[in-house]
Amino acid sequence: MNVLVLVGSLRAGSTNRQLADAAVAHLPSGVGTTVFERLADLPHYSEELDHDDALPEVARDLRDAVADHDALLLVTPEYNGSLPSALKNAVDWVSRPRGASSVAGKPAAVLGASGSPRGAQWAREDGVKVLKVAGADVLDDTVGVGSAFQAFAEGRLTDAELDGALRDLVRSLAAKVERARDAA
Ligand SMILES: Cc1cc2nc3c(=O)[nH]c(=O)nc-3n(C[C@H](O)[C@H](O)[C@H](O)COP(=O)(O)O)c2cc1C
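The following refers to the structure shown.

### A short note on the packing of aromatic side chains
For any two aromatic rings, the description comes down to two numbers: the centre-to-centre distance and the angle of the planes.
Part 1 of the reasoning: The full count for this structure, using the stated rule, is 1 aromatic pair.
Part 2 of the reasoning: Each ring, one from Y45 and one from W93, has its centre 4.6 Å from the other, and the planes form 65°; the classification is edge-to-face. Taken together, the residues span a long stretch of sequence, with Y45 in the loop between strand 2 (32–35) and helix 2 (57–68) and W93 in helix 3 (residues 85–94) at a distance of 48 residues.
Part 3 of the reasoning: Given the relative accessible area of 24%, Y45 is considered partly exposed.
Part 4 of the reasoning: The ring of W122 has R118 sitting right over it, with the charged end atom 4.2 Å from the ring centre.

Next comes the structure, spelled out in structure tokens:
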């Protein structure tokens, strides 16, 4: 099993990147992970680019990466009450071609960290919403880390209860993949 991770913050030292690392550490042993590192290179989605002869290489690579992984983990800060545009743009790219998209049916989960105590709640809710609309098989539960700049030490969440919720969520995602495999 392998999981593709999309981190919505593009900055070095991102707390969401730390959250992604903490989540990956909780996946069962043997589960592989890839962080897609090129969201900043992805052009804004345009139907004019979405043709075989115009498709940007990075968009093709993102679609292939989603197709080649068993599950998707979206890790989002909150920008003005929603997802950062880099993440929404990535979801838009992988939601097409309509009816044959790489994200359709893909097990997915959403995490988020923000400086406010609300832990990127609106961004997490919007992450679940847009992934559902795009056709992913997304968990309704999410994990949010508030006051994120004080929340990590040595790559882990310092709040044991929150860390337990993170572990439970990523294991639920892995279990969803297993169930989908068993049903296939
Ligand atoms: C353009 C912009 C808009 C923001 N809007 C919100 C917001 O609506 N709610 C919130 O809690 N934090 C907001 N923030 C703060 C970010 O959530 C905070 O910087 C976040 O922790 C950054 O994540 P990172 O450490 O992964 O980069 C905003 C930050 C930026 C740059």
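Following the structure, the description resumes.
### A short note on the sheet that holds strand 1 (residues 2–7)
Part 1 of the reasoning: Across the sheet, 5 strands lie side by side as 2-1-3-4-5; this open sheet has parallel pairing. Two strands lie at the open edges of the sheet, namely strand 2 and strand 5 (137–145), each paired on one side alone. Recorded for the sheet is a direction-independent mean angle of 20° between the axes of neighbouring strands.
Part 2 of the reasoning: Examined bridge by bridge, strand 3 (residues 71–76) and strand 4 (residues 107–113) share 5 bridges and lie parallel to one another. When the bridges of strand 4 are listed, L73 appears paired with A109.
Part 3 of the reasoning: With respect to the sheet, helix 1 (residues 15–25) is in contact with strand 1, strand 2, strand 3, strand 4 and strand 5, its orientation differing from that of strand 4 by roughly 135°.

### Comments concerning the nonpolar core
Part 1 of the reasoning: Counting 28 residues, the largest nonpolar core has L6, F36, L42, L62, L72, V103 and L131 as its most contacted members.
Part 2 of the reasoning: Mapped onto this core, the elements with two or more residues apiece are strand 1, helix 2, strand 3, helix 3, strand 4 and helix 4 (121–134).
Part 3 of the reasoning: Apart from the residues lying within four places of it in its own chain, the contact partners of F36 are L4, V5, L6, V58, D61, L62 and A65.
Part 4 of the reasoning: By size, the runner-up hydrophobic cluster in this structure holds 27 residues, among which are V3, A109, F152 and L169.

### A word on the site of the ligand
Part 1 of the reasoning: Near the ligand lie 15 residues; those nearest to it are S9, R11, S14, T15 and N80.
Part 2 of the reasoning: In this structure, G81 approaches the ligand through a main-chain N or O atom, which is 2.8 Å from an oxygen atom.
Part 3 of the reasoning: Classifying every residue of the shell around the ligand gives 4 nonpolar, 9 polar and 2 charged.

Conventions and cut-offs
Residues numbered from 1 in each chain as written. Predicted model: local features only at pLDDT ≥ 70, side-chain atom pairs only at ≥ 80, totals over all residues. Heavy atoms only, no water. Phe/Tyr/Trp six-rings, centres within 6.5 Å; stacked < 30°, edge-to-face > 60°. Helix = DSSP H or I, 4+ residues; strand = E, 2+ residues; numbered from the N terminus. Buried < 20%, exposed > 50% of the residue type's maximum accessible area, 1.4 Å probe, protein only. Lys NZ or Arg CZ within 6 Å of the ring centre and 35° of its normal. Pairing = 2+ DSSP bridges. Axes fitted to C-alpha atoms, helices over the stretch in contact; angles between N-to-C directions. Contact = heavy atoms within 4.5 Å. Core = buried A, V, L, I, M, F, W, Y, C linked by side-chain atoms within 4.5 Å. Near = heavy atom within 4 Å. Polar contact = N/O pair within 3.5 Å; in protein donor to acceptor, adjacent residues only side chain to side chain. Nonpolar A, V, L, I, M, F, W, Y, C, P; charged D, E, K, R; others polar.

These figures capture arrangement, not role.
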